[in-house]
Amino acid sequence: MDMEYANINEFNDRDLATRMRNSNYEKYKSLVRMHLSFELELNTDEFDMPCHEIVYEDKGKIKKWNRLSKNNRGPATGCTAGAGSKSAGNSPTETLQQQIDAGFLMHLEELKEFLMLEKNLTQEGLFRKTGAVSRQNELRMHIQHDQPLDLELTGFSAHDCATVFKSFLADLPEPLLTDAHYPAHLQIAPLSQALMGGQVAATAERQQHLLNSVQLLLLLLPEEHRELLQHIIKMLHSVAAREESNMMSAENLAILFTPHLICPRQMPPEALHYTAKKMSSIVSYMIQQGLEIFEVPGKLATDIRAYFLERKRKKTMSPEQTLEESISDDSTVNTVYTFVDRAATAAANNSNYTDTALAQLYAHIQSLPESSKKRRLIKQFNKQNGQGTPLQVIARSSSVP
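Before we move on, can you summarise the packing of aromatic side chains with the specific residues and values?
Under the definition given, this model contains 3 aromatic pairs. With 5.1 Å between their ring centres and 75 degrees between their planes, F127 and F257 make a pair best called edge-to-face. Within this pair, whereas F127 is found in the loop between α5 (118-121) and α6 (133-144), its partner F257 is found in helix α12 (residues 250-261), the two being separated by 130 residues in sequence. Both residues of the pair, F127 and F257, count as buried. An angle of 70 degrees between the planes, with centres 5.1 Å apart, marks the rings of Y307 and F308 as edge-to-face.

See the structure below:
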């Protein structure tokens, strides 16, 4: 459906976010990253880096590990393979689409649906206990040869299917939540640890801050990763809800799944142990929240709706109205920038509502006290705006607090 002629109010926030992602990926990515930068003290441009240095503690000593260093070079998989990838969006977070194709997703969904049967959800030690190795090898062969599974008729147990499901995640060359997002997880981990461990009061503001951070980060995942993660979280949420029967809490499940979802591949054992322990609170939080983590934060949803409304408004304007608006200082969406790059200045005269909103955010940043976070955000704004700085916002945008 052409969004310029659709009733925006007929679509929910998630549908609109998906449509914006599909129709204007770069604008979508910039907008989500901008909102994330206000939740975390993070330069989101780092998401375009293929790998990150991992700092961990071993026997009381601080050590560093990077797969791209000379001592740690391995096969060209995971983030090493992502360094030169040219997949959708030209981002390393998009490099595994060929690994999580439709057939792979279909078979993992079959496993999930079987495990979601009540008789299986209540199995003690689900995802912790292993089944029969021979049956698991047979099940893997069925999946690899794209054969129908018929799980209820072929004698596979819940533990067989749970073990195979988990092993397929472990075999991915990059964690499902991607290497590129590791710095963001590093900042989210203490937030989730503090709230879930009772170290700080779980105020509504802190809870919303953590939820928004997770939601925004997941919106930046490749679609295939996001879809598979939804299946996983839905399943694990159901397992944890039956803890009295299966003895598997959200914390227990997080310990098992964190290495597959967050931890970079090829890490030395001591680094993997340290990182998994540090990050497990994030996965535990996701399991407890369930599908709520896949919703669109309210402020971002407002900006996305404004983006489509502005596109619709401009589509219906006559040439005369378009010309009049382009030269009028009274336009409600007119924003004036001063750029070092004069070509970018000309382009800014045709900026849409989203650009205006970003300029308002910039004005807010300028009013903040001096800090490293403020400097990083201003640097990011400058890069987005043609290596220049929006110096003022006039007309209606200047009157918005």
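From this point, the discussion proceeds with the structure in view.
Give a detailed account of the side chain of H35, specifying residues and quantitative values.
Inspection of the secondary structure assignment puts H35 in helix α2 (residues 25-39). The exposure class of H35 is buried, given its relative accessible area of 15%. Within the structure, the side chain of H35 is placed 2.9 Å from the side chain of D303, a separation counted as a polar contact. Not counting the four nearest positions on each side in its chain, H35 is found in contact with L216, K299, L300 and D303.

Before we move on, could you go through the packing of α2 against helix α9 (residues 204-219) and cite the residues and values that matter?
Two elements in contact, α2 and α9, have axes whose closest approach is 9 Å; the angle formed by their N-to-C orientations is 155 degrees. Considered as vectors, α2 and α9 are oriented roughly antiparallel to each other. In this structure, α2 meets α9 at a crossing whose hand is left-handed. The residues of α9 that touch α2, namely those facing Y28, V32, H35, L36 and E39, are H209, N212, S213, L216, L217 and L219. For the contact of α2 with α9, the class distribution of residues is 6 nonpolar, 4 polar and 1 charged.

Mind laying out the pairing of strand β2 (residues 61-65), listing which residues take part and the relevant values?
With 5 bridges joining them, strand β1 (residues 54-58) and β2 adopt antiparallel strand pairing. By the bridge assignment, I54 is partnered in β2 with W65. Counting the residues between successive antiparallel strands, the hairpin from β1 to β2 contains 2 residues, one of them, K59, with a positive phi of roughly 55 degrees.

Break down the environment of H209 for me, with residues and values.
Within the secondary structure, H209 is located in helix α9. Measuring from C-alpha to C-alpha, the distance between H209 and L40 comes to 9.1 Å, with 169 residues separating the pair along the chain. When sequence neighbours within four positions are dropped, the list of residues in contact with H209 reads E39 and L191.

Criteria and cut-off values
Residues numbered from 1 in each chain as written. Predicted model: local features only at pLDDT ≥ 70, side-chain atom pairs only at ≥ 80, totals over all residues. Heavy atoms only, no water. Phe/Tyr/Trp six-rings, centres within 6.5 Å; stacked < 30°, edge-to-face > 60°. Helix = DSSP H or I, 4+ residues; strand = E, 2+ residues; numbered from the N terminus. Buried < 20%, exposed > 50% of the residue type's maximum accessible area, 1.4 Å probe, protein only. Polar contact = N/O pair within 3.5 Å; in protein donor to acceptor, adjacent residues only side chain to side chain. Contact = heavy atoms within 4.5 Å. Axes fitted to C-alpha atoms, helices over the stretch in contact; angles between N-to-C directions. Parallel < 35°, antiparallel > 145°, perpendicular 65-115°, else oblique. Left-handed = near helix turned anticlockwise from the far one by under 90°. Nonpolar A, V, L, I, M, F, W, Y, C, P; charged D, E, K, R; others polar. Pairing = 2+ DSSP bridges.

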